[in-house]
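# Tertiary structure, described
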Amino acid sequence: MALSTRNGPAGADAPAREHRLGTAQGTALFVGAVLGPGVLALPHLAATAAGPASILAWAALLILSAPVALTFAALGARYPDGGGVATFAGRAFGPRVAAIVGWWFYGIVPVGTLAGARIGGDYVTSAAGLDRSWAVVVAVGLLAAAFATNHGGLRMSGRVQLVLVCGLAALLATAIVTAGPRLSWGNFTPFAPHGALGVVHAAGVLFFAFAGWEAASHLSGEFADPRRSMLRATALTLLIVCVLYLGLVVTVLGVLGGRAATSPVPLALVLQEGIGSGARTATGVVAVILSFIAVNTYIAGGARLGAALARDGALPAPLAKGAVAGRVPHRSLGLLAVLTGLVTAVAVPYGIGLDTLMRATAACLAAVTVVGTAAAVRLLPREDRRGRTLAAAATVFTGLVLLSCGVYLVLPAALAVGAALTVRRRIAR
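Residues numbered from 1 in each chain as written. Predicted model: local features only at pLDDT ≥ 70, side-chain atom pairs only at ≥ 80, totals over all residues. Heavy atoms only, no water.

### A short note on the overall build of the chain
Selection rule: By the criteria applied, helices consist of DSSP H or I runs no shorter than four residues and strands consist of E runs no shorter than two, each listed in order from the N terminus. When a residue's accessible area, from a 1.4 Å probe over protein chains only, is under 20% of the maximum for its type it is buried; when over 50% it is exposed; and in between it is partly exposed. Every residue pair with non-hydrogen atoms within 4.5 Å of one another is taken to be in contact. Values of accessible area rely on a 1.4 Å probe in the Shrake-Rupley scheme; residue burial ignores everything except the protein chains shown.
Across its full length, the chain holds 18 helices and zero strands. Of all 429 residues assigned to the chain, the portion counted as buried reaches 55%. For the chain, the proportion of contacts with a sequence separation of at least 24, taken over those separated by at least 6, is 84%. Total accessible area on the chain is roughly 16800 Å²; 65% of this is exposed by carbon and sulfur atoms.

Structure representation (structure tokens):
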């Protein structure tokens, strides 16, 4: 999963107006938005929750992705704008809901960035043969580097990010092809050791891997023909992601068996089975690079979102400094750095692991998606019956995934209250 904004790293390097996106370039960018370092850890977390039956949660979410992706594509084609879901929510439901959606994004950045950094830390320590306690050190280093990069106004080239994410896709394909012959169907028994409830719990954390379809709305203004090229790019992305995700989860479960639920680095183990011990080091290097990209993107996009929210009255006014395009929002970045430090200071000593961090992030991102698809039901014209039907289905399905987040719904609920109170004070003045 990758957070995408027009003013973030990917947006900053988006093609200029005279170089509009076609189907091929759009597909590459969409694949880069959906695939992320989360996929390196999620097969393990899902297998822990549901065993081999976690494949049912993967399949269900892939099916869910179709109406969600097509709904965001329809919104982006009709209302091309870089504001994304918050813009659509404002159009459909007013400034309070737009502020709530913004708070969900901004408020989850410290949690999501720590989760992304922890993934890189786990793979680096595994590749180096270090004790797992060093994973925290690597994670903190990644976070510090990303904040320093953003404060300095430096941005990683969008093309470089795209190449590296394509590298992740190639790595996943290599794992599937080379380790596939070692697959044993006996590793799929017992199929559901934790019952149906385990599948539900797996779906709650797996949404982390499927939050990224909203990138269609952020990039809609860059397409030469949004109504045609964007839809084709979305369809191709769905096909590519389905093949890679399902291929990976079947390979991980079928090759590793019980080890899929016990090892935090399943992709490294699968590659080791396929091409030898050198794969562990290569996977570690790729993981740390991709983790940095994800963390850097979250921070850059979140900081600019925070400044924009302050400009619009949804956060304290002093945070609005740097909201102008081309400026660095140092104050918003500083607040994110403090919040990320606090989350880390609580998570590390209290043993809050990657599963909890990713479930909390998934809960907020699922809430954003529900609002976005619900906005489509209101915004799409009545004559677009297919689009409205898809949007309604996406809202219902994503709402069910949101409910599967269980106790983690406390976080988006608390952020929603804070946003509503902030906007209310602004209106009262």
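### Things to note about the pattern of salt bridges
Keep this limit in mind: The term salt bridge refers to a pairing of a side-chain nitrogen on Lys or Arg with a carboxyl oxygen on Asp or Glu at a separation within 4 Å.
On inspection of all chains with the given rule, the structure shows five salt bridges. A salt bridge links Glu 273 to Arg 259; its shortest N-O distance comes to 3.0 Å. Taken together, the positions of Glu 273 in helix α13 (residues 266-275) and Arg 259 in helix α12 (residues 259-262) put the pair 14 residues apart, joining distant regions of the chain. The class of Glu 273 is partly exposed, set by a relative accessible area of 25%. The closest approach of N and O atoms between Arg 359 and Asp 355, which form a salt bridge, is 2.9 Å.

### So, helix α3 (residues 38-50)
What sets the pattern is the α-helix's 3.6 residues per turn: residues three or four places apart point alike. Test applied: The span you would expect from a helix comes to 1.5 Å times its residue count less one.
Helix length check: α3 (13 residues) gives 18 Å between terminal C-alpha atoms against 18 Å at 1.5 Å per residue, within 8%. In terms of burial, α3 is largely enclosed, as 12 of its 13 residues are buried. Taken residue by residue, α3 has Gly 38, Val 39, Leu 40, Ala 41, Leu 42, Pro 43, His 44, Leu 45, Ala 46, Ala 47, Ala 49 and Ala 50 as its buried positions. One or two positions beyond α3, positive phi appears at Gly 51, with a value near 65°.

### Points about the packing of aromatic side chains
Each aromatic ring pair is characterised by the separation of its centres together with the angle its planes make. The criterion, for reference: Side-chain rings of Phe, Tyr and Trp (the six-membered ring for Trp) are treated as a pair once their centres are within 6.5 Å; stacked means planes under 30 degrees apart, edge-to-face means over 60, and tilted covers the remaining angles.
As enumerated under the stated definition, the model contains two aromatic pairs in all. Arranged with centres 5.4 Å apart and planes meeting at 65°, the rings of Trp 58 and Tyr 245 form a pair that is edge-to-face. With Trp 58 in helix α4 (residues 54-78) and Tyr 245 in helix α11 (residues 226-256), the pair connects residues that are 187 residues apart, well separated along the chain. Using a relative accessible area of 1% as the deciding quantity, one classes Trp 58 as buried.

### Quick look at the confidence of the model for the chain
To keep things clear, this is the line we draw: How sure the predictor is of each residue is captured by pLDDT, a score from 0 to 100.
Looking at the chain as a whole, its pLDDT mean stands at 83, while 86% of the residues score no less than 70. Contacts for the low-pLDDT stretch residues 1-19, under 50 throughout, to residues beyond four places or in other chains number 49 contacts.

### Remarks on the packing of helix α5 (residues 85-93) against helix α16 (residues 354-379)
To be explicit about the condition: To get an axis, a line is fitted to the C-alpha atoms, and for a helix only the part in contact is used. The angle between two axes follows their N-to-C directions and goes from 0 to 180 degrees. Angular relationships are summarised with four words: roughly parallel below 35 degrees, roughly antiparallel beyond 145, roughly perpendicular across 65 to 115, and oblique for the angles in between. Take the far helix as the reference: if the near one is turned anticlockwise from it by less than a right angle, the crossing is left-handed, and if turned clockwise, right-handed. We call Asp, Glu, Lys and Arg charged. Ala, Val, Leu, Ile, Met, Phe, Trp, Tyr, Cys and Pro are nonpolar, and the rest, Gly among them, are polar.
Following both chains from N to C, one finds α5 and α16 inclined at 45°, their axes separated by 9 Å at the closest point. Taken together, the axis directions place α5 and α16 in an arrangement best described as oblique. In this structure, α5 crosses over α16, and the sense of that crossing is left-handed. Contacts from Val 85, Phe 88, Ala 89, Arg 91, Ala 92 and Phe 93 in α5 reach Val 368, Val 371, Gly 372, Ala 374, Ala 375, Arg 378 and Leu 379 in α16. Taken together, the residues of the contact of α5 with α16 sort by class into 10 nonpolar, one polar and two charged.

### As for α16
For α16, with 26 residues, the first-to-last C-alpha span of 37 Å sits near the 38 Å given by 1.5 Å per residue. Of all 26 residues in α16, 21 are buried; the element is thus mostly enclosed.

### Some thoughts on the side chain of Ser 65
The topology assignment puts Ser 65 in helix α4. Apart from residues no more than four positions distant in its own chain, Ser 65 is found in contact with Phe 210, Trp 213 and Leu 238.

### Some words on a nonpolar patch on the surface
The cut-off we apply is this: Surface patches are defined over residues having more than 30% relative accessible area and no salt bridge, joining like charges when they lie within 9 Å and nonpolar side chains (Val, Leu, Ile, Met, Phe, Trp, Tyr) when within 5 Å.
A surface patch of nonpolar side chains, amounting to about 340 Å² of accessible area, comprises Leu 236, Leu 239, Ile 240 and Val 243. Along the chain, the position of Leu 239 falls in helix α11. Of the residues examined, Leu 239 reaches a relative accessible area of 53% and is grouped as exposed.

### A look at the state of the cysteines
Stated formally: The criterion for a disulfide is a pair of cysteine sulfur atoms lying within 2.5 Å.
Taken as a whole and judged by the stated rule, the model has zero disulfides. Cys 364 provides the cysteine sulfur closest to Cys 405, a residue in no disulfide bond, and the two sulfurs are 9.0 Å apart.

### Points about the packing of helix α6 (residues 95-128) against helix α7 (residues 134-151)
As a packed pair, α6 and α7 sit with axes 7 Å apart at the nearest point and diverge in direction by 130°. Considering their axes alone, α6 and α7 lie oblique with respect to each other. Every pair of crossing elements has a handedness; the one defined by α6 and α7 is right-handed. Listed contacts from α7 to Thr 113, Leu 114, Ala 117, Arg 118, Gly 120, Gly 121, Asp 122, Val 124 and Thr 125 of α6 are Trp 134, Ala 135, Val 138, Ala 139, Leu 142 and Leu 143. Considered class by class, the residues forming the contact of α6 with α7 number nine nonpolar, four polar and two charged.

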